[in-house]
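Secondary and tertiary structure notes
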Amino acid sequence: MTKYIISLVMVIATVFGARADKYTIDRDALPATAQEFLTKHFPKAKVGMIKVDRHLLKKTDYDVRLVNGTKIEFNSKGEWTDVDCKTREVPEAIIPRAVRRYVTKNYPDNKIVEIEKRPTKIEVKLNDGVELTFDRLGNLKKVDLDD
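The residue count restarts for each chain, going from 1 along the sequence in the order it is written. Under the rules for a predicted model, residues below a pLDDT of 70 receive no local features and side-chain atom pairs below 80 are neither given nor counted, while totals for whole chains, interfaces and linings still include all residues. Side-chain metrics rest on all non-hydrogen atoms present in the structure, leaving aside hydrogens and water.

Each helix and strand in the protein chain was counted, giving 3 helices and 9 strands. Going from the N terminus to the C terminus, the protein chain shows its helices and strands as α-β-α-β-β-β-β-α-β-β-β-β. When each of the 147 residues of the protein chain is scored for burial, the buried share is 35%. The contacts of the protein chain with a sequence gap of at least 6 include a subset with a gap of at least 24, amounting to 36%. Surface exposure here means Shrake-Rupley accessible area, sampled with a 1.4 Å probe, where a residue is shielded only by the protein chains that are shown. Accessible surface computed for the protein chain: about 9600 Å², of which carbon and sulfur atoms make up 53%. Helix numbers and strand numbers start at the N terminus; a helix is a DSSP run of H or I with at least 4 residues, a strand a run of E with at least 2. Relative accessibility under 20% of the residue-type maximum defines a buried residue, over 50% an exposed one, and the middle range a partly exposed one, all with a 1.4 Å probe and only protein chains included. Whether two residues are in contact is decided by their heavy atoms, any of which lying within 4.5 Å being enough.

For patch building, the residue pool is restricted to those with more than 30% relative accessible area and no salt bridge; the joining distance is 9 Å between like charges and 5 Å between nonpolar side chains (Val, Leu, Ile, Met, Phe, Trp, Tyr). Salt bridges are counted wherever a side-chain nitrogen of Lys or Arg sits within 4 Å of a carboxyl oxygen of Asp or Glu. Together, Leu140, Val143 and Leu145 make up an exposed nonpolar region whose accessible area comes to about 240 Å². By secondary structure assignment, the location of Leu145 is in the segment after β9 (140-144). For Leu145, a relative accessible area of 59% puts it in the exposed group.

So, about the environment of Ile25. Residue placement: Ile25 occurs in the loop between β1 (21-24) and α2 (32-41). Counting along the chain gives 25 residues from Ile25 to Ile50, while the straight-line C-alpha distance between them is 5.5 Å. Residue contacts for Ile25: discarding those within four places in its chain leaves Val47, Gly48, Met49 and Ile50.

The next subject is the sheet that holds strand β3 (residues 61-66). By this definition, two strands are paired if DSSP reports at least two bridges between them. A sheet is described by the order of its strands in space; here 9 strands give the open sequence β1-β2-β3-β4-β5-β6-β7-β8-β9, paired in antiparallel fashion. Each edge of the open sheet is held by one strand with a lone partner, namely β1 and β9. Here the average twist between neighbouring strands, direction ignored, is 15 degrees. Sheet topology places strand β5 (residues 80-84) next to strand β6 (residues 112-117); 3 bridges connect them, and they run antiparallel. Bridge pairing links Asp84 to Glu114 in β6. The strands touched by α2 are β3, β4 (71-74) and β5; relative to β4, the strand with the most contacts, the crossing angle is about 150 degrees. Across the sheet, helix α3 (residues 97-106) lies against β6, β7 (121-126), β8 (131-135) and β9, angled at about 145 degrees from β8, the strand it touches most. To obtain each axis, a line is fitted to C-alpha atoms, and for helices this fit is confined to the stretch in contact; angles are then taken between N-to-C directions over 0 to 180 degrees.

Examined against the element boundaries, Arg65 turns out to sit in strand β3. Classification of Arg65 as partly exposed rests on a relative accessible area of 43%. When the C-alpha positions of Arg65 and Met49 are compared, they lie 5.2 Å apart, and in sequence the two are 16 residues distant. Discounting residues that sit within four places of it in the chain, Arg65 has contacts with Val47, Gly48, Met49, Thr70 and Lys71.

Turning our attention to the nonpolar core. Put simply, a nonpolar core is a bunch of buried Ala, Val, Leu, Ile, Met, Phe, Trp, Tyr and Cys residues held in one set by side-chain atoms that sit within 4.5 Å of each other. Phe42, Val64, Ile72, Phe74, Val83 and Ile115 are the most contacted members of the largest nonpolar core, which has 31 residues in total. If we ignore the near neighbours within four places in the chain, the residues touching Ile72 are Phe37, Leu38, Phe42, Tyr62, Asp63, Val64, Leu66, Trp80, Asp82 and Val83.

Let us now look at the side chain of His41. In this fold, His41 is placed in helix α2. Apart from the residues within four sequence positions on either side, His41 is in contact with Pro91, Ala93 and Ile94.

Here you go:
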């Protein structure tokens, strides 16, 4: 019976240990692709916190918070999946050309403050609260107005 309890405790410790998140401010904790992204698109920004989120059956992902309030999420390969600049404009270079053209043409007085990239869609949020959903080719699929 004692062996059973010890085995159970070890299994539980392993499961919870594998799920543990790690917090750091060291950019070296990020994959090289994510480090390059930060250097290229946010060259002067200082890292406030990096959360290395290890999942038991899923790959690791990374949540980065810059001192200026910007939040960036990266997948296990270091590719960005979400950039939230709060009230500042998202770097133009990461916005797909078709999405950028649509927003410039139809919302000329607004700026994109958040962009989320998923396997089948791209969602952007404008500074006035309007949320636009595009397919991966940049075709508009949905508009949500801030209520």
